[in-house]
Amino acid sequence: MNGYHCLVVVGAQWGDEGKGKIVDVLAEEADVVARYQGGANAGHTVYVDGEEFVLHQIPSGILHRGKRCLIGNGVVLDLEQFFRELDGLKDRGIDAESRIGVSGRAHLLLEYHKRLDAASERARGTAKIGTTGKGIGPAYEDKVARRGVRVTDLRDASRAHVRIREAAEAANERLLAAGEEPIDAERVADEVLSGRDRLLPLICDTGIEITRALAEGRRVLLEGAQGALLDIDHGTYPYVTSSNTTAAGAATGTGIGPTSIDSVLGVVKAYTTRVGAGPLPTELTDALGDSLRELGGEYGATTGRPRRCGWFDSVVVRYAARINGLTGLALTKLDVLDTFEEIRIATAYEIEGVQLEDFPDDLSLLERAKPIYETLPGWRCSTSDIRSVDELPDNALAYIRRIEELTGTPAWYISVGTGREQIIRVER
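Now for a quick tour of the structure. Please read these numbers as outputs of a predicted model, since none were measured by experiment.

Observations concerning the overall build of the protein chain
In terms of helices and strands, the protein chain carries 13 helices and 20 strands. In terms of overall dimensions, the protein chain has C-alpha extents of about 65 × 50 × 40 Å along its principal axes. A buried classification covers 57% of the 428 residues belonging to the protein chain. Sequence-distant contacts in the protein chain: of pairs separated by 6 or more residues, those separated by 24 or more amount to 76%. Only carbon and sulfur atoms are counted for the fraction: they give 46% of the accessible area of the protein chain, which is about 17500 Å².

Remarks on the packing of aromatic side chains
In total, this model carries four aromatic pairs according to the counting rule given. Between the aromatic rings of Phe82 and Phe83, the centroid separation amounts to 5.7 Å while the plane-to-plane angle is 40°, which identifies the pairing as tilted. As far as burial versus exposure is concerned, Phe82 and Phe83 are alike and both buried.

Section: helix H8 (residues 206–215)
Within the span of H8, buried status applies to Thr206, Gly207, Ile210 and Ala213. Each buried residue of H8 sits inside an arc of 135° when the element is viewed along its axis, so together they form one side. Facing away from the buried side of H8 by more than 90 degrees, the exposed set consists of Arg212 and Ala215. In this structure, the buried side of H8 is in contact with strand E2 (32–35), strand E5 (68–71), strand E7 (100–103), strand E9 (203–204) and strand E10 (220–223).

Observations concerning the pairing of strand E1 (residues 6–11)
Of all six residues in E1, six are buried, a share of seventy percent or more. Where burial is concerned, the two faces of E1 agree: the one with Cys6, Val8 and Val10 and the one with Leu7, Val9 and Gly11 are both buried. In terms of strand pairing, E1 meets E10 through four bridges, oriented parallel. Within E10, the residue paired with Val8 across the bridge is Leu222. Bridge count for E1 against strand E11 (residues 263–269) is five bridges, and the pairing is parallel. Its bridge partner lying in E11, Leu7 is registered against Ser263.

Some points on the side chain of Thr206
Mapping Thr206 onto the fold places it in helix H8. For Thr206, a relative accessible area of 2% puts it in the buried group. Not counting chain neighbours up to four residues away, the residues in contact with Thr206 comprise Leu70, Ile71, Gly72, Asn73, Ser103 and Thr254.

So, helix H13 (residues 394–407)
In this model, H13 (14 residues) spans 20 Å end to end at C-alpha, consistent with the 20 Å of a helix rising 1.5 Å per residue. Within the sequence span of H13, burial applies to Ala396, Leu397, Tyr399, Ile400, Ile403, Glu404, Leu406 and Thr407. Buried-residue contacts for H13 involve strand E14 (312–313), helix H11 (314–324), strand E15 (328–332), strand E16 (342–351), strand E18 (370–377) and strand E19 (411–415). A positive phi of about 70° marks Gly408, the residue just after H13.

Let's talk about the sheet that holds E19
Taken in spatial order, the 10 strands of this open sheet run E9-E7-E5-E2-E10-E1-E11-E15-E19-E20, and their pairing is mixed. Each edge of the open sheet carries a strand with a single partner, namely E9 and strand E20 (423–425). Summarising the sheet, E5 and E7 pair through three bridges and their orientation is parallel. Among the inter-strand pairings, Ile71 is bridged to a residue of E7, identified as Val102. Against the sheet, H13 engages E15 and E19, with an angle of about 140° to E15.

Here's the deal with the environment of Gly88
Considering the arrangement of structural elements, one finds Gly88 in helix H2 (residues 79–91). Between the C-alpha atoms of Gly88 and Asn395, which are 307 residues apart in sequence, the distance is 43 Å.

Side note on the packing of helix H5 (residues 157–177) against helix H6 (residues 185–193)
For the pair H5 and H6, the least separation of the axes is 8 Å and the interaxial angle reads 140°. Comparing the axis directions of H5 and H6 gives the class oblique. Where H5 crosses over H6, the two elements pack in a sense that is right-handed. Here Ala157, Ala160, His161, Ile164, Arg165, Ala168 and Glu169 of H5 lie close against H6, whose contacting residues are Ala185, Glu186, Val188, Ala189, Asp190, Val192 and Leu193. Class assignment for the residues of the contact of H5 with H6 results in nine nonpolar, one polar and four charged.

Brief notes about the side chain of Arg274
Locating Arg274 in the fold gives a position in strand E12 (residues 272–274). For the buried Arg274, which has no salt bridge, the nearest side chain bearing the opposite charge is Glu283, at an N-O separation of 8.5 Å. In this structure the side chain of Arg274 is engaged in a polar contact, spanning 3.0 Å, whose partner is the side chain of Thr236. Within the structure, Arg274 has its side chain in polar contact with the backbone oxygen of Pro279 (distance 2.7 Å). Not counting residues within four places of it along the chain, the set of residues in contact with Arg274 comprises Trp14, Leu230, Thr236, Tyr239, Pro279, Leu280, Arg307 and Arg308.

So, unusual backbone geometry
Where the residue is not glycine, phi is negative for most of them; where a peptide bond is considered, it is trans in most cases. Across the junction of Tyr237 and Pro238, the peptide omega takes the value 10°, indicating a cis bond. Within the secondary structure layout, Pro238 lies in the loop between E10 and helix H9 (248–252). One non-glycine residue, Asp16, lies in positive phi territory at about 60°. When its relative accessible area of 27% is taken as the criterion, Asp16 is described as partly exposed. Residue Arg146 is not a glycine yet carries a positive backbone phi of 65°. Tracing the chain through its elements places Arg146 in the loop between helix H4 (136–144) and H5.

Procedures and definitions
Residues numbered from 1 in each chain as written. Predicted model: local features only at pLDDT ≥ 70, side-chain atom pairs only at ≥ 80, totals over all residues. Heavy atoms only, no water. Helix = DSSP H or I, 4+ residues; strand = E, 2+ residues; numbered from the N terminus. Buried < 20%, exposed > 50% of the residue type's maximum accessible area, 1.4 Å probe, protein only. Contact = heavy atoms within 4.5 Å. Areas by Shrake-Rupley, 256 points an atom, 1.4 Å probe, with all protein chains shown as cover. Phe/Tyr/Trp six-rings, centres within 6.5 Å; stacked < 30°, edge-to-face > 60°. Arc of directions from axis to C-beta. Pairing = 2+ DSSP bridges. Expected span 1.5 Å × (residues − 1). Axes fitted to C-alpha atoms, helices over the stretch in contact; angles between N-to-C directions. Parallel < 35°, antiparallel > 145°, perpendicular 65-115°, else oblique. Left-handed = near helix turned anticlockwise from the far one by under 90°. Nonpolar A, V, L, I, M, F, W, Y, C, P; charged D, E, K, R; others polar. Lys, Arg positive; Asp, Glu negative; His and termini not counted. Salt bridge = Lys/Arg side-chain N within 4 Å of Asp/Glu carboxyl O. Polar contact = N/O pair within 3.5 Å; in protein donor to acceptor, adjacent residues only side chain to side chain.

Rendered as structure tokens:
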């Protein structure tokens, strides 16, 4: 972990950058791994000895023996999905339950949140946000409106039953107003409480645990979901998620002070992808874009939806570097570009004759932005078996160096495949 005690790993594009794999590799050197925001809308895919693991809520560090894994207060927890993940890991020989801690301050994502999410998307018609349908937005909406149900509420079963039933009845009012069928509020409360005995032993204070771990000289890895351009404050609003995906969210989402964080690693693909609606300036809608999608296996781990693909956008990553305070980059999927004769990088935008090098806050400007490209020669050979920077083709090195220059951030790691062993560490 480059000598740091508390490292945040963030996506520096629109999500799906390969954070799960990077966290899995870094977790070997960490003692505690904590997830700080999002919910089951995340899909972190990790390969261990050729075996695929897809984790939606449990931190990727769980695949390493002896690692303490925490789910922070900034997460909205889907209990059904959470228990399914725990059982799936157990079936594959991984004892996860004894190493998991869940913040009592985390909010529960319940059945009616998913129904409200689907109803909201239907009501938008052609102006859909493109959510995963996992109920994330409505769960965070309830949290902010102070009508949410927290994990700690389950400590008192009778009080929790009343609270969940009342919250479900309030949700029914919104469902009926949207022309949707109501849910059985009593059944929802009973189903949540059926998992109470299993969840209660896992409740902890993530802030206290992390603070103590750091005081004892142990290493902590903070893991986010989605990407910086999907941040509720700093992303391409309204085509964003409902939480703070940026590094600042790591402190509030786990309960530690921002000065506890030593460094921030931004994960970026060697090109750009996005799922759902919203602007994507470098998007390739031709056969080249289709080729990138197929070569990179660009289909959502959570939804299975095909990802929109385009060239690397340095305007986006330069912006992500600034708002996250990035100290290093992890460049993933370099191998996907192995067969291209030429590779392009967007260095700026042109909007109605004006050149713009900084990412705009006006969505209408971004929708009209035309990327200004710089073309670099490809390397036309396989990189998947390369294990050191010195072995990389000259043109691949030139491409990486140009990304470093344009984003103002050094590359710490380069990924050339799906396996743990296909991570190149850049020594500096």
